Amino acid sequence: MTETETSLRPPAADNHEGHEAVQEAHEAYCAVERQLAILLRRSQAFSAGMGRKVHPDLDPGAYGLLVRIDQSSPMRSSDLAAYLRVGRATISRQLKVLEELGLIVRSPDPEDGRAHLLALTEEGHRRLHDARAARQGQLRTLLAAWPEEDVRLLAGMLERFNTLTEGMHP
């Protein structure tokens, strides 16, 4: 049995109570894994739809690129690739499309003549802003029945989880 298989298997309990506690903990982690899988699948579909709202020819994964460029611009493509944990060739292909659609602009990095800095164009800002406003409207509709305290709790828990995953590699 591999180390991974051993770590996924609940440890043996000496008594019935201990075994129940271990089983309940195992079920809780299985439930988290299941719900995360659903969230990720739906989030990818949601982001693809948001990308189409930005531009009908936008690749499904490009919405996240635009959001990150907007948050961190000006930024180098290598920093964007590192943040997203994708290769430079992959990010270059995606950025080329965004540039051809007039959503981003590259400018020479004054600190390194070999590098370029990325930023959204005015059109990119406008389209991203409109798509994000629509997305936030959908979230408000989905969560309208929740007390504001629960919405804040969800945001805080997601932030806490995302912080844990920053150093993870696939």
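Residues numbered from 1 in each chain as written. Predicted model: local features only at pLDDT ≥ 70, side-chain atom pairs only at ≥ 80, totals over all residues. Heavy atoms only, no water.

Trainee: Can you lay out a nonpolar patch on the surface for me, pointing to particular residues and giving the numbers?
Mentor: Together, Leu 39, Trp 146, Leu 154 and Leu 158 line one region of the surface with nonpolar side chains, adding up to about 340 Å² of accessible area. For Leu 154, the location among the structural elements is in helix H7 (residues 148–165). Here Leu 154 falls in the partly exposed class, since its relative accessible area comes to 33%. (Patch = residues over 30% accessible without salt bridge, like charges linked within 9 Å, V, L, I, M, F, W, Y side chains within 5 Å. Areas by Shrake-Rupley, 256 points an atom, 1.4 Å probe, with all protein chains shown as cover. Salt bridge = Lys/Arg side-chain N within 4 Å of Asp/Glu carboxyl O. Helix = DSSP H or I, 4+ residues; strand = E, 2+ residues; numbered from the N terminus. Buried < 20%, exposed > 50% of the residue type's maximum accessible area, 1.4 Å probe, protein only.)

Trainee: Any chance you could break down the sheet that holds strand E2 (residues 104–109) for me, citing the residues and the numbers?
Mentor: Pairing within the open sheet is antiparallel, and its 3 strands lie in the order E1-E3-E2. One side of each edge strand has no neighbouring strand; the edge strands of this open sheet are strand E1 (75–76) and E2. Here 6 bridges tie E2 to strand E3 (residues 112–120), and the two strands are oriented antiparallel to one another. Its bridge partner being in E3, Ile 104 is matched across the sheet by Leu 120. Strands E1, E2 and E3 of the sheet are contacted by helix H3 (residues 62–72), whose axis makes an angle of about 105° with E3. The strands that helix H5 (residues 88–100) touches are E2 and E3; relative to E2, the one it contacts most, it runs at about 115°. (Pairing = 2+ DSSP bridges. Contact = heavy atoms within 4.5 Å. Axes fitted to C-alpha atoms, helices over the stretch in contact; angles between N-to-C directions.)

Purely geometric numbers; function is a separate question.
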